[in-house]
Amino acid sequence: MKDLLLIALFAALGAGGAGLLGWAAIRLLRRRSVALSLFCVAVVTVLAVTSGTFAVAQAMFLSTHDLGVVITVLGMAAVVSLLTAALLGRQVVAGSRALTEAVRTVGSDAGFTAPDHPLGAELAALSEELAATSARLAESRAREQALEHSRRELVAWISHDLRTPLAGLRAMAEALEDGVAEDPDRYLVRIGTEVERLTGMVDDLFELSRIQAGALALSLTRVSVYDLVDDALAGAYPLARRRGVRLEGRQVADEPAAAEPVEVDSGEITRVLGNLLVNAIRSTPADGVVAVAARREADEVVLSVTDGCGGIPEQDLPSGE
């Protein structure tokens, strides 16, 4: 038992000295290549085994022949271990370099291209995460492009819609200024109407900017669906009468869910319904019908507006739809 303790002590002293040197070397190499660090670990392991064995051999007073045999065996084992560590380091470095090249494809139009070089489990997991990240970036870019396209279309539409009332206001103002207006009071009424129309458009733009900025504050109240639809229909009725379009809300009145109170911002919902009704009325020919319907889906009440425009022409639909 005493001999075993002495052997353990000598082996620990020899291996401990190599371990301290290895710890210092690894600290110095922590910012260098992973392959070099792996090779350093293998060298430390070989030195620890060799120094511990050599210390024990010296303490046991082995013969020269036996000591030579031990050193030869340790030398062969050290060579094989170091070669294996070097090959492993080269493999890790090659996989890392291949993954580094593949990372440059993240966010590209073609998307992330995984390396053909075989990767270890950790690098393979990292490659999968990079592929998922690249897919999310592609989706984000597509949404950004769609939003930019919508913004440009909105600016074009708003510019077109603003040009007509502004031209009318300028003409009426010039007529009043030159004194050629036959009925100034009628001109003033028309000017007031156009100003109200422009104010509504500006308010809609302001609400849209607040929605996109996430700064829209809702004031929730409990109201019935029937009251919301009735207010929206009342606001759209003058335009529908001028265009000869019939408004219908019987499906809402006959729906039991319409009488139940819902918690919404009545002003914003009325604005949304009003905009849908105005667009539907403008797109529906004379003697057409614009109807509002309500239905319950799970715990929600869904409102829909249908018109008689016939839908979007096939040539205006995106290809593939």
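Criteria and cut-off values
Residues numbered from 1 in each chain as written. Predicted model: local features only at pLDDT ≥ 70, side-chain atom pairs only at ≥ 80, totals over all residues. Heavy atoms only, no water. Salt bridge = Lys/Arg side-chain N within 4 Å of Asp/Glu carboxyl O. Helix = DSSP H or I, 4+ residues; strand = E, 2+ residues; numbered from the N terminus. Buried < 20%, exposed > 50% of the residue type's maximum accessible area, 1.4 Å probe, protein only. Pairing = 2+ DSSP bridges. Axes fitted to C-alpha atoms, helices over the stretch in contact; angles between N-to-C directions. Parallel < 35°, antiparallel > 145°, perpendicular 65-115°, else oblique. Left-handed = near helix turned anticlockwise from the far one by under 90°. Contact = heavy atoms within 4.5 Å. Nonpolar A, V, L, I, M, F, W, Y, C, P; charged D, E, K, R; others polar. 1 Å grid on protein atoms, 1.4 Å probe; cavity = no way out; pocket = protein on both sides within 12 Å on 5 of 7 lines; lining within 4 Å. Points joined across faces, edges and corners; volume = space filled by probe spheres on them.

Chemist: Is there a simple way to think about the pattern of salt bridges in this case?
Modeler: When the charged atoms of two side chains with opposite charge come close together, those side chains can pair. Tallying each qualifying case throughout the model produces two salt bridges. Close ionic contact of E148 with R152 constitutes a salt bridge, the shortest N to O distance being 3.2 Å. Taken together, the residues E148 and R152, both in helix α4 (residues 121-178) and four residues apart, mark about one turn of the helix. Overall, the relative accessible area of 29% leaves E148 in the partly exposed class.

Chemist: What am I meant to see in the pairing of strand β3 (residues 261-264) here?
Modeler: Along any regular strand the residues' side chains alternate between the sheet's two faces. Of the two faces of β3, the one lined by V262 and V264 is fully buried and the one lined by P261 and E263 carries no buried residue. With four bridges connecting them, strand β1 (residues 221-224) and β3 associate as antiparallel partners. Across the sheet, residue T221 finds its bridge partner in β3, namely V264.

Chemist: Looking at this structure, I do not really get unusual backbone geometry. What am I missing?
Modeler: One can expect most non-glycine residues to show negative phi and most peptide bonds to be in trans. Phi at D287 takes a positive value of approximately 70°, unusual for a residue other than glycine. Topologically, D287 is positioned in the loop between α8 (266-283) and β4 (289-297).

Chemist: What's the story with the packing of α4 against helix α5 (residues 184-212) in this structure? I'm lost.
Modeler: Two packed helices can be described by the angle between their axes and the distance between those axes. Between α4 and α5, the least distance of the axes is 10 Å, while the angle of their chain directions is 160°. Here α4 is positioned roughly antiparallel relative to α5, judged by the angle of their axes. Of the two possible hands of crossing, α4 and α5 adopt the one that is left-handed. Residues L154, I158, D161, L162, P165, L166, L169, M172, A175 and L176 of α4 form the contact with α5, whose participating residues are P184, Y187, L188, R190, I191, E194, V195, R197, L198, M201, L205 and L208. Partitioning the contact of α4 with α5 into residue classes produces 18 nonpolar, no polar and four charged.

Chemist: Is there a simple way to think about the layout of surface pockets in this case?
Modeler: A probe matching the size of a water molecule, rolled over the atoms, marks out where space remains unfilled. Taken as a whole, the largest pocket encloses approximately 1500 Å³ of empty space. Every residue lining the largest pocket is counted, 39 residues in all, and those nearest its centre are G200, D204, G274, N275 and V278. Residue assignment for the lining of the largest pocket shows that the elements contributing at least two residues are α4, α5, α6 (225-243), β3 and α8. Here the element with the most residues in the lining of the largest pocket is α5; it accounts for twelve residues. Looking at the lining of the largest pocket residue by residue, the classes come out as 18 nonpolar, seven polar and 14 charged.

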